[in-house]
Amino acid sequence: MNFETLAQTLDCGQCFRWSRLPDGSWEGVAGGRYVRLAGESLSRTLRDPFWARYFDLDRDYAGIRAQLSGLDPALAEAARFAPEIRILNQEPWEALCSFILSQCNNIGRIRGLVARLCRLYGEPIGGGHSAFPAPQALAALREEDLRAAGCGFRAPYVLDAAQKVASGELDLEKIQSLPLGSARAGLMCIRGVGPKVADCALLYGMHRLEAFPMDVWMKRTMRRMFPGKKPSWFGPYAGIAQQYLFHYSRNHPELFR
DNA sequence: GACCAGGTATTGC
DNA sequence: GCAATACATGGT
């Protein structure tokens, strides 16, 4: 991975806390750490164990990409469009909460909403930046607080998720170790978490690479390019295939008209 | 001002 | 089971 290809990973819809500065560098917060990524400093940052894991550096994405590309020409083309996409190791709670907020919302607004929640309820980490709010912090709020922050009808969903996680009723560590179906079912006990949000939490927050979030774009894509195929057809890296296809489709909306 | 945005819960058949 | 509908909010 190099600085030129960073955008493919940070701007493909899997994360909401990164932004590009006017000078072209990226800044973001993950795991309570702020970082600015510029051409010169990138390799140094990636030597830090935390960021190496965050960017999933130990995984052979070239090999996975080749394997997926062999499955189907359309998938190969999507992979060629953004070959450097990697699935980040985001925190389980942050991914779960962020994708609860994503429903019926657009990516720009999700970023703004997440930023507001972090500023209001996240732990300050210096430099005017804040960590993602802990489940305990959000569980202590009232629904109207979350509505005031702009969550809209998702406010009770966020609250229910925060309360279940903060109380230990839902143990995200435990969820991670379950078979995919059980993990999904566990997450779907939260009000406002259906199959799509559960799969996003699993893929982006718990690195379950076989999870395949099926949003409107992926429904269109599957109908158009893979009729009759199910997510499991893509195999153990279905989630990575999903990310290639999602990003490709969003950048080629004319394919669906 | 309608229309849309990485859905889900509820309702009615 | 499955289609229709409500749900907040801000940007085109």
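Refer to the structure presented above.
These numbers come from a predicted model, not from an experiment.

## Some details on the protein's contact with DNA strand B
Inference 1: In the neighbourhood of DNA strand B, 28 residues make up the surrounding shell, with Gly-13, Asn-106, Ile-107, Gly-194 and Gln-242 lying closest.
Inference 2: Per the 4 Å cut-off to the protein, sugar and phosphate atoms form 70% of the nearby atoms of DNA strand B.
Inference 3: Taking Ile-107, its main chain carries an N or O atom lying 2.7 Å from a phosphate oxygen of DNA strand B.
Inference 4: Elements represented by at least two residues in the surface near DNA strand B include exactly helix H13 (195–205), helix H14 (216–225) and helix H15 (238–250).
Inference 5: When its residues are assigned to classes, the surface near DNA strand B shows 14 nonpolar, 10 polar and four charged.

## Details of the protein's contact with DNA strand C
Inference 1: If you check the shell around DNA strand C, you find Cys-104, Arg-109, Arg-147, Gly-152, Phe-153 and Arg-154 and nothing else.
Inference 2: A share of 63% is what sugar and phosphate atoms reach among the atoms of DNA strand C within 4 Å of the protein.
Inference 3: Measuring from a phosphate oxygen of DNA strand C, one finds a side-chain N or O atom of Arg-147 at 2.7 Å.
Inference 4: Between a sugar or linking oxygen of DNA strand C and a main-chain N or O atom of Phe-153, the distance comes to 3.1 Å.
Inference 5: Grouping the amino acids of the surface near DNA strand C by side-chain chemistry returns two nonpolar, one polar and three charged.

## Remarks on the environment of Pro-156
Inference 1: Mapped onto the fold, Pro-156 is located in helix H10 (residues 155–167).
Inference 2: Linking Pro-156 and Lys-174, residues 18 residues apart in sequence, is a C-alpha distance of 24 Å.
Inference 3: In this structure Pro-156 touches Glu-143 and Arg-147, once residues within four positions along its chain are discounted.

Reading guide: rules and limits
- Residues numbered from 1 in each chain as written.
- Chains lettered and ligands numbered in written order.
- Predicted model: local features only at pLDDT ≥ 70, side-chain atom pairs only at ≥ 80, totals over all residues.
- Heavy atoms only, no water.
- Near = heavy atom within 4 Å.
- Polar contact = N/O pair within 3.5 Å; in protein donor to acceptor, adjacent residues only side chain to side chain.
- Helix = DSSP H or I, 4+ residues; strand = E, 2+ residues; numbered from the N terminus.
- Nonpolar A, V, L, I, M, F, W, Y, C, P; charged D, E, K, R; others polar.
- Contact = heavy atoms within 4.5 Å.

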